[in-house]
Amino acid sequence: MGLVRKIILVVCLIVFVGAAGVLIQYYYNGYKEMNSLKDLKQSEELEDLKTDKGIIIGKYVPIWQKNNDLIGWIRIDGTKIDFPVMQTPDDPEYYLRRDFNREHSTGGVPFMDVHSDIFMPTSNFMIYGHNMKNGSMFHDLIKYEDEEFYRDHKTINFDTIYKGGQGVYQVVAAGYSQIYDKDSSKFKYYAYAGMTSEREYHEFVDGVKKLSCYDTGVVPEYGSQLITLSTCTNVSDEGRFFVVAVRTDK
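Basis of the calculations
Residues numbered from 1 in each chain as written. Predicted model: local features only at pLDDT ≥ 70, side-chain atom pairs only at ≥ 80, totals over all residues. Heavy atoms only, no water. Buried < 20%, exposed > 50% of the residue type's maximum accessible area, 1.4 Å probe, protein only. Helix = DSSP H or I, 4+ residues; strand = E, 2+ residues; numbered from the N terminus. Pairing = 2+ DSSP bridges. Patch = residues over 30% accessible without salt bridge, like charges linked within 9 Å, V, L, I, M, F, W, Y side chains within 5 Å. Areas by Shrake-Rupley, 256 points an atom, 1.4 Å probe, with all protein chains shown as cover. Salt bridge = Lys/Arg side-chain N within 4 Å of Asp/Glu carboxyl O. Lys, Arg positive; Asp, Glu negative; His and termini not counted. Charge placed at Lys NZ, Arg CZ, Asp CG, Glu CD. Core = buried A, V, L, I, M, F, W, Y, C linked by side-chain atoms within 4.5 Å. Contact = heavy atoms within 4.5 Å. Expected span 1.5 Å × (residues − 1). Arc of directions from axis to C-beta. Phe/Tyr/Trp six-rings, centres within 6.5 Å; stacked < 30°, edge-to-face > 60°. Polar contact = N/O pair within 3.5 Å; in protein donor to acceptor, adjacent residues only side chain to side chain. pLDDT = per-residue confidence, 0-100.

**Q** Explain the pairing of strand 6 (residues 124-128) here, please?
**A** Taking burial as the measure, the 5 residues of strand 6 include 5 buried ones, the bulk of the element. Neither face of strand 6 is open: one carries Asn124, Met126 and Tyr128, the other Phe125 and Ile127, and all of them are buried. Two elements, strand 6 and strand 9 (residues 226-233), share 5 bridges in a ladder whose sense is parallel. By the bridge assignment for strand 9, Met126 is matched with Thr228.

Below you can see the structure in the form of structure tokens.
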């Protein structure tokens, strides 16, 4: 009996050490990824660069030269959200599990839905990011379920890398939903990434405000640019949390 107990103890220790190692590696990778993204912002600012798509602002030129999948930068003051935003029309979820350097990464990099277009532009910029347990990527987005947090963080900064695309957005709604829901009556906010019509615009605003955890009192008018940040949650199967904001500086 003593031998059996010793064997069980050894097995438990091996499992524990293995699990601890995985956990340490997970948090270390998250720390490394966050630092590598911070380093991007410390690049030396260059002169504005004229391209066939538009004029890239000087501070984004060196970052874009490292990876021309870059289309913008998202920042929420008072949170860890301060990241590049990528877009790859030919491979929509390319950055789901890749870092800025196109190498495998559990946390990925925030990326824009291929149906959202910064050049047309479409009425809604839909941006996805992982909710990482180590606190990276869009983890802090979930804090918007708390109305008090919202009151202290009412604005979101989103820049496209091109001149004229820098904006401050005011939060309109924040709430939970889920994808692949069999109940077709539930509003699917993620289906409105490429909306352009007035009808779609009002449908979307009405839908997200009904799902919102609280009433912000902000009602966007058609023609005002929207941004939607989306991340996963464990509240339900295929659960999602979203924050919608409207551009207010124009």
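**Q** It is not clear to me how a negative patch on the surface should be interpreted in this structure. Could you clarify?
**A** Taken together, Glu145, Asp146, Glu148 and Asp152 make up a surface patch of like negative charges. Tracing the backbone through its elements, the reader meets Glu148 in helix 3 (residues 147-152).

**Q** So what exactly am I meant to see when it comes to the nonpolar core here?
**A** By size, the foremost hydrophobic cluster in this structure holds 65 residues, and its most contacted members are Ile74, Tyr144 and Ile156. If you tally residues by element for this core, the top one is strand 10 (residues 239-247), at 6 residues. With residues near it in sequence (within four places) discarded, Ile74 still touches Ile81, Asp82, Phe83, Val85, Phe138, Ile156, Asn157, Phe158, Ile227 and Leu229.

**Q** Explain the environment of Lys59 here, please?
**A** The residue Lys59 is located in the loop between strand 2 (55-56) and helix 2 (61-66) in this model. Judged by its relative accessible area of 41%, Lys59 is partly exposed. As a C-alpha pair, Lys59 and Ile161 span 102 residues in sequence and 8.6 Å in three-dimensional space. Once residues lying within four places of it in the same chain are set aside, the contact partners of Lys59 are Glu45, Leu46 and Asp159.

**Q** Any chance you could explain unusual backbone geometry here in plain terms?
**A** Negative phi characterises most residues that are not glycine, and trans characterises most peptide bonds. Looking along the chain, the bond that leaves Met120 and enters Pro121 is cis, with omega of -15 degrees. Take Pro121: it is sitting in the loop between strand 5 (111-112) and strand 6.

**Q** Where do I start with helix 4 (residues 198-211) in this structure?
**A** Residues separated by three or four positions in an α-helix point in the same direction, a consequence of the helix having 3.6 residues per turn. For helix 4, spanning 14 residues, the distance from its first C-alpha to its last is 20 Å, which sits close to the expected 20 Å at 1.5 Å a residue. Burial in helix 4 covers these residues: Tyr201, Phe204, Val205, Gly207 and Val208. Down the axis of helix 4, the buried side of the element spans an arc of 165 degrees, and every buried residue falls inside it. Turned more than 90 degrees away from the buried face of helix 4, the exposed residues are Arg199 and Lys210.

**Q** Even after reading the chapter, I still don't get the packing of aromatic side chains, so can you show me in this structure?
**A** Aromatic rings considered in pairs are described by the distance between their centres and by the relative angle of their planes. Taken as a whole, this structure holds 14 aromatic pairs when the rule is applied. Between Tyr94 and Tyr95 the ring centres are 4.9 Å apart and the planes differ by 75 degrees, which places this aromatic pair in the edge-to-face class. What makes Tyr94 buried here is its relative accessible area of 18%. With a relative accessible area of 1%, Tyr95 lands in the buried category. Arranged with centres 5.5 Å apart and planes meeting at 50 degrees, the rings of Phe111 and Tyr128 form a pair that is tilted. Pair noted here: Phe111 is in strand 5 and Tyr128 is in strand 6, with a separation of 17 residues, a long-range link.

**Q** Help me understand the environment of Arg75, please; the structure alone is not making it clear to me.
**A** With respect to the element layout, Arg75 can be found in strand 3 (residues 70-75). A polar atom in the side chain of Arg75 sits 2.9 Å from the side chain of Asp77.

**Q** Is there a simple way to explain the confidence of the model for the chain in this structure?
**A** Reading fine detail from the predicted coordinates is not recommended where pLDDT is low. Mean pLDDT for the chain: 87, with 81% of residues reaching 70 or above. For residues 19-28, every residue scores under 50 in pLDDT, and the model assigns this stretch 5 contacts once sequence neighbours within four places are set aside.

**Q** Can you help me understand the side chain of Ser116 in this one?
**A** Topologically, Ser116 is positioned in the loop between strand 5 and strand 6. Ser116 sits in the buried class, given a relative accessible area of 1%. At a separation of 3.0 Å, a polar atom in the side chain of Ser116 contacts the main-chain amide nitrogen of Met126. Separated by 2.9 Å, the side chain of Ser116 and the backbone oxygen of Ala193 make a polar contact. Once residues lying within four places of it in the same chain are set aside, the contact partners of Ser116 are Gln87, Thr122, Asn124, Phe125, Met126 and Ala193.

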